[in-house]
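Remarks on the overall topology
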Amino acid sequence: MDRRYTLLAILLIVAAFGLLILPDRDKPNEINPQELLTAIDDHARFLSTDLITERIIGSDPALQLIDVRSADQFRQFALPGAVNIPLDSLLSSQWRETLMQQGKDKVFYSNADIEADQAWQICRRSSFKRIFVMKGGLNYWYTSIMKCSPPKATAPSQEIDLYNFRLAARQYFTGGESAGAAKDDSSKGAASKVAEQVKVIKKEPKAASGGGC
Amino acid sequence: MLIFNTMNLKKFIRTNRLFLAALLFLIVIIAILLSLRVPTVTYRVNPDKVSAMLAESGNQMSPLSLFGLLSKNPTGIVVVDIRSSDEYSKGHIENALNIPVKELLQNRSVTFFQELEKSSTPAILYGNDQLQANGPWLLLQQLGIENVKVLQGGYAFYKTLPLADSLLQKSEFEWNVELTRIDTSEYLKVGNEKVVAASSENSARKTPEKVVPVKKPVSGGGGC
């Protein structure tokens with residue numbers, strides 16, 4: 001046999017062993033630290049409490065709230081429709097499906113937004129899609145909506161609209177007359193306005209059917 | 001001239017076919033190796049450990065204890081300002097270094113933090129608010145730099161404080177934003193009334209909703 005062929009064969013075998021000592025890529029779906037830093041610096045992940053409230057009231061099917069506080073706190077009080085995934089069990093296989101749901105906006109919240117943002121970062125590193133953080137958290141939600149205070153009479157109309165929306169939202173969450181807000185005529189008007197709002201349900205585009213022969 | 005050249009080339013290929021094949025093979029291997037180049041900064045802690053670590057407390061430092069440390073020994077703790085250099089120049093905590101978020105993973109910054117870790121010098125990160133420093137802090141933790149903490153409330157809170165003995169009377173509640181501010185008893189009271197009100201209001205609330213589905217055009221498959 002030709003000696004040169006033997007040489008080539010040996011070269012191939014050596015190269016094959018080279019493949020064995022290549023560095024591991026054990027987590028191919030992880031994004032690298034630089035990408036993660038860019039994502040951290042981007043504030044598009046923060047959604048306002050008012051926006052979330054609006055989507056809760058409109059029972060938006062694409063909204064999935066995720067409560068990252070302890071189970072104890074979750075039992076005491078939580079936003080309607082929320083799932084409780086405490087921070088330390090975030091990556092357990094039990095919740096994988098919830099976090100991977102396609103076509104849903106997964107919104108993390110905690111009492112403030114610190115823990116929610118930590119949960120977001122861990123999930124972002126594992127390249128989960130459509131994940132968000134509720135800016136300000138439950139504490140801000142509570143003070144801005146359940147305890148909203150009227151703006152000055154001279155406030156711009158946007159602010160007054162926002163106040164009316166919050167009053168209506170408070171009525172939605174408490175079930176009405178109790179908070180003393182319902183006596184206000186404007187709030188009733190706003191409440192019906194919320195109910196009448198035309199809802200837009202976005203449908204996920206179906207996978208393009210590939211043509212073939 | 002040209003004909004002579006191509007003739008020559010053909011002859012060259014014919015006689016050295018094996019050599020050329022080996023050369024091509026090597027080039028392909030080298031190209032693959034180059035594309036596999038490991039990024040300069042890598043995670044040292046896997047995600048499961050990170051989420052377990054987050055459950056522990058002690059990742060944050062209150063402005064009061066920072067003030068105490070700085071007044072005792074100004075060089076005992078490294079203070080890092082992660083805001084932009086513009087904001088930094090307008091005012092910052094005394095002796096703070098400026099490493100903007102965008103430059104956090106540059107070689108210079110990473111080696112700086114790694115040296116702090118090696119010499120186990122404590123460090124503290126702050127941004128405008130606590131949230132701004134929280135993300136970079138968690139990233140550093142994942143890179144294996146564990147001697148860094150976050151300033152509670154951030155700079156916006158720190159600069160409003162009259163840092164004096166009167167602060168000693170403040171409790172943890174005022175620093176830690178993750179403690180709940182919701183008065184559940186108040187909410188539950190409201191909630192009970194909801195049960196009563198619900199029966200009468202149920203019919204009123206369920207006004208038919210207009211639903212306008214938005215359909216996106218589905219790209220059709222091409223035929224032959």
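Okay, so let's go over this structure. (Residues numbered from 1 in each chain as written. Chains lettered and ligands numbered in written order. Predicted model: local features only at pLDDT ≥ 70, side-chain atom pairs only at ≥ 80, totals over all residues.)

**Some details on the sheet that holds strand β1 (residues 46-47) of chain A**
Strand order across the open sheet formed by five strands is β1-β5-β4-β2-β3 (chain A), with parallel pairing between neighbours. The sheet is open, and its two edges are formed by β1 and β3 (83-84) of chain A, each paired on a single side. (Pairing = 2+ DSSP bridges. Helix = DSSP H or I, 4+ residues; strand = E, 2+ residues; numbered from the N terminus.)

**A short note on the pairing of strand β5 (residues 131-134) of chain A**
All names here are of chain A. The side-chain alternation of β5 yields two buried faces, one formed by Ile131 and Val133 and the other by Phe132 and Met134. Two strands pair when backbone bridges link them, and strand β4 (residues 105-109) and β5 are joined in this way by three bridges, in the parallel orientation. Each bridged residue has a counterpart across the sheet, and for Phe108 the counterpart in β5 is Val133. Note on the crossover from β4 through helix α6 (residues 114-125) to β5: the handedness is right-handed. (Buried ≥ 20, exposed ≤ 12 C-beta atoms within 10 Å, placed from the backbone. Right-handed = clockwise from strand over helix to strand, strands pointing away.)

**Let's talk about the packing of α6(A) against helix α3 (residues 47-54) of chain B**
Angle between the axes and distance between the axes are the two parameters that describe a pair of packed helices. Look at α6(A) against α3(B): their axes get within 10 Å of each other, and the N-to-C directions meet at 175°. Relative to α3(B), the element α6(A) is oriented roughly antiparallel. Contacts between α6(A) and α3(B) involve A:Gln118, A:Ile122 and A:Arg125 from the first element and B:Pro47, B:Val50, B:Ser51 and B:Leu54 from the second. Its residues placed into classes, the contact of α6(A) with α3(B) shows four nonpolar, two polar and one charged. (Axes fitted to C-alpha atoms, helices over the stretch in contact; angles between N-to-C directions. Parallel < 35°, antiparallel > 145°, perpendicular 65-115°, else oblique. Contact = placed C-beta atoms within 7 Å. Nonpolar A, V, L, I, M, F, W, Y, C, P; charged D, E, K, R; others polar.)

**A look at the sheet that holds strand β2 (residues 78-81) of chain B**
All names here are of chain B. The strand order β1-β5-β4-β2-β3 describes an open sheet built from five strands, whose pairing is parallel. In this open sheet, the two strands that pair with only one neighbour each are β1 (60-61) and β3 (97-98). As paired strands, β1 and strand β5 (residues 148-151) are joined by two bridges and run parallel to one another. By the bridge assignment, Gln60 is partnered in β5 with Val150.

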